[in-house]
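Structure at a glance
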Amino acid sequence: MPYTHFRYIAYEVPTATNRTDIAGPTLAGLPPGGLCDAIPDIPVAGPRGTTADWFVRLRRLAAVVHIAQMNVRDTDDPSTLKVFVAPEFYFRPADPATHHTYSTEEYLATWDALDRMFHAVRLKNWLIVPGSVLWHSDTMVQGRRTFYNSVWHMRGGVGTGEARRIEKRLPSGLDGIPMAFAVGKTAELQAAYAEKELVRERLFEVDANTTVGVEICLDHAASVQVLKKTLAERQGDPTDSWKRGGPSLHVLTAGGMPIVPGSVVARPGGYLLRNDGYADPPLSELRKVTGYRLTSGAPAQAWTDKSIATLEPDPADAFELPLRGDTLLVPGLPGPGTYDMPAQRLRIYPAKPLP
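In what follows, the accompanying structure is described. (Residues numbered from 1 in each chain as written. Predicted model: local features only at pLDDT ≥ 70, side-chain atom pairs only at ≥ 80, totals over all residues. Heavy atoms only, no water.)

Counting its secondary structure elements, the chain contains 5 helices and 15 strands. The C-alpha atoms of the chain give 19 Å as radius of gyration, which agrees with the globular expectation for 355 residues (20 Å, within 12%). Each principal axis of the C-alpha atoms in the chain carries an extent, and together these give about 55 × 50 × 45 Å. Out of the 355 residues belonging to the chain, those deemed buried represent 54%. Partitioning the contacts of the chain with sequence separation of at least 6, the portion at a separation of at least 24 is 69%. Total accessible area on the chain is roughly 14500 Å²; 55% of this is exposed by carbon and sulfur atoms. (Helix = DSSP H or I, 4+ residues; strand = E, 2+ residues; numbered from the N terminus. Rg over C-alpha atoms; globule rule 2.2 N^0.38 Å. Buried < 20%, exposed > 50% of the residue type's maximum accessible area, 1.4 Å probe, protein only. Contact = heavy atoms within 4.5 Å. Areas by Shrake-Rupley, 256 points an atom, 1.4 Å probe, with all protein chains shown as cover.)

Written as structure tokens, this is what we have:
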């Protein structure tokens, strides 16, 4: 049976910070913190005894997904898709020597673990977007280190397929990497990462009724509009059957990117789901799309150039569950000074009808 409802679960956790006692730059690469106890049916694959940065963050993610599931298990049914979203930069190591990016080997280990984590039966009706992974490669371009900001998304439960990846097209200053060597700025890689099949991973079907688009931070900016342009390209392709008036849900995982109504693509009656790890409140939002118009006031489609979404306010009905305990919390930076570290919590919205 197709899903009739969805439930948004936002994992609010800081992924960057700044000093509050003195003026200064944005600071990336928060410490990984302590190692959470293992969740038996959400296992994290890794070398025995490891406390590697990526492993610690994965174990915390497993613990938080477990807490989220325990808090919705008695109120949801199989017709409700649970959409769990963490913010951009969730996987970013505390290592300035690598511009706070993982090695290729660490990235592949993170990918392998994510691909195998969420197969518990109790997660069957879940879609998990665990934020982004910052990493680098010394082999993709000869003689040059290149940098990537990748988001994996995966379905929970048994037999739901492999994790799928999208790549941030345009780096921002908050990425903390040499921009000239980011994938979207490297001539040798631009063509490969613009291939139709990879680009279209941003839009995917969950079932016959539910479609999702995923966008990463600056790709949502008015001057970039990656998801909107991808949707427009698919509308113009006669061989592509993905013509649904826009996805049911538009997921924006971010680090300092507010909602831009001109970049929203969820179909009328659908929703924009935002979670931001470095922003003024609100850090997470759920906004229903009621329609699209041009600046002239004329009606438009989600993919129409210069169309603007009309959005309802956040319904303000999320249950807010603070996270407690040293291992469940990402710590602040060591040393003197005070830092902006918002509350770490889950915001669990009631089930909403899908369009």
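After presenting the structure, the write-up continues.
The tally for this structure, following the rule as stated, stands at 17 salt bridges. A salt bridge links Arg 274 to Asp 276, with the nearest nitrogen and oxygen atoms 3.3 Å apart. Side by side, Arg 274 and Asp 276 carry an identical accessibility label, which is buried. In this structure, Arg 274 and Glu 285 form a salt bridge, with 2.8 Å as the shortest nitrogen-oxygen distance. With Arg 274 in strand β10 (residues 271-276) and Glu 285 in strand β11 (residues 284-293), this residue pair connects regions lying 11 residues apart in the sequence. Comparing Arg 274 with Glu 285, the two get one shared label, buried. Among the charged side chains, a salt-bridge network with shared partners connects Glu 12, Glu 320, Arg 345 and Arg 347. (Salt bridge = Lys/Arg side-chain N within 4 Å of Asp/Glu carboxyl O.)

Pro 282 follows Pro 281 through a cis peptide bond whose omega is 0 degrees. Among the structural elements, Pro 282 can be located in the loop between β10 and β11. If you check the backbone angles, His 99 has positive phi at about 55 degrees while not being a glycine. Taking relative accessible area as the criterion, His 99 reaches 33% and is therefore assigned partly exposed.

Quick look at the packing of helix α1 (residues 53-72) against helix α2 (residues 104-117) now. Between α1 and α2, the least distance of the axes is 10 Å, while the angle of their chain directions is 20 degrees. In terms of orientation, α1 lies roughly parallel with respect to α2. Where α1 crosses over α2, the two elements pack in a sense that is right-handed. Side by side, α1 and α2 meet where Trp 54, Leu 58, Leu 61 and Ala 62 of the first sit next to Glu 106, Ala 109, Thr 110, Ala 113, Leu 114 and Met 117 of the second. (Axes fitted to C-alpha atoms, helices over the stretch in contact; angles between N-to-C directions. Parallel < 35°, antiparallel > 145°, perpendicular 65-115°, else oblique. Left-handed = near helix turned anticlockwise from the far one by under 90°.)

Okay, the side chain of Thr 253 next. Within the secondary structure, Thr 253 is located in strand β9 (residues 249-254). On the accessibility criterion, Thr 253 (0% relative accessible area) is buried. A distance of 2.8 Å separates the side chain of Thr 253 from the backbone nitrogen of Glu 88, its partner in a polar contact. For Thr 253, the contacting residues outside a window of four places in its chain are Val 85, Ala 86, Pro 87, Glu 88, Gly 131, Val 151, Glu 215, Ile 216, Cys 217 and Asn 275. (Polar contact = N/O pair within 3.5 Å; in protein donor to acceptor, adjacent residues only side chain to side chain.)

Let us now look at the sheet that holds β11. Read from one edge of the open sheet, 6 strands run β7-β8-β9-β10-β11-β12, paired in mixed fashion. Here the strands that pair on one side only, and so sit at the sheet edges, are β7 (203-205) and β12 (308-311). Across this sheet, the average inter-strand angle for adjacent strands is 30 degrees, counted without regard to direction. Of the pairings in the sheet, the one linking strand β8 (residues 211-216) to β9 comprises 5 bridges and is parallel in character. Looking across to β9, one finds that Glu 215 is bridged to Leu 252. (Pairing = 2+ DSSP bridges.)

Structural measurements only, silent on function.
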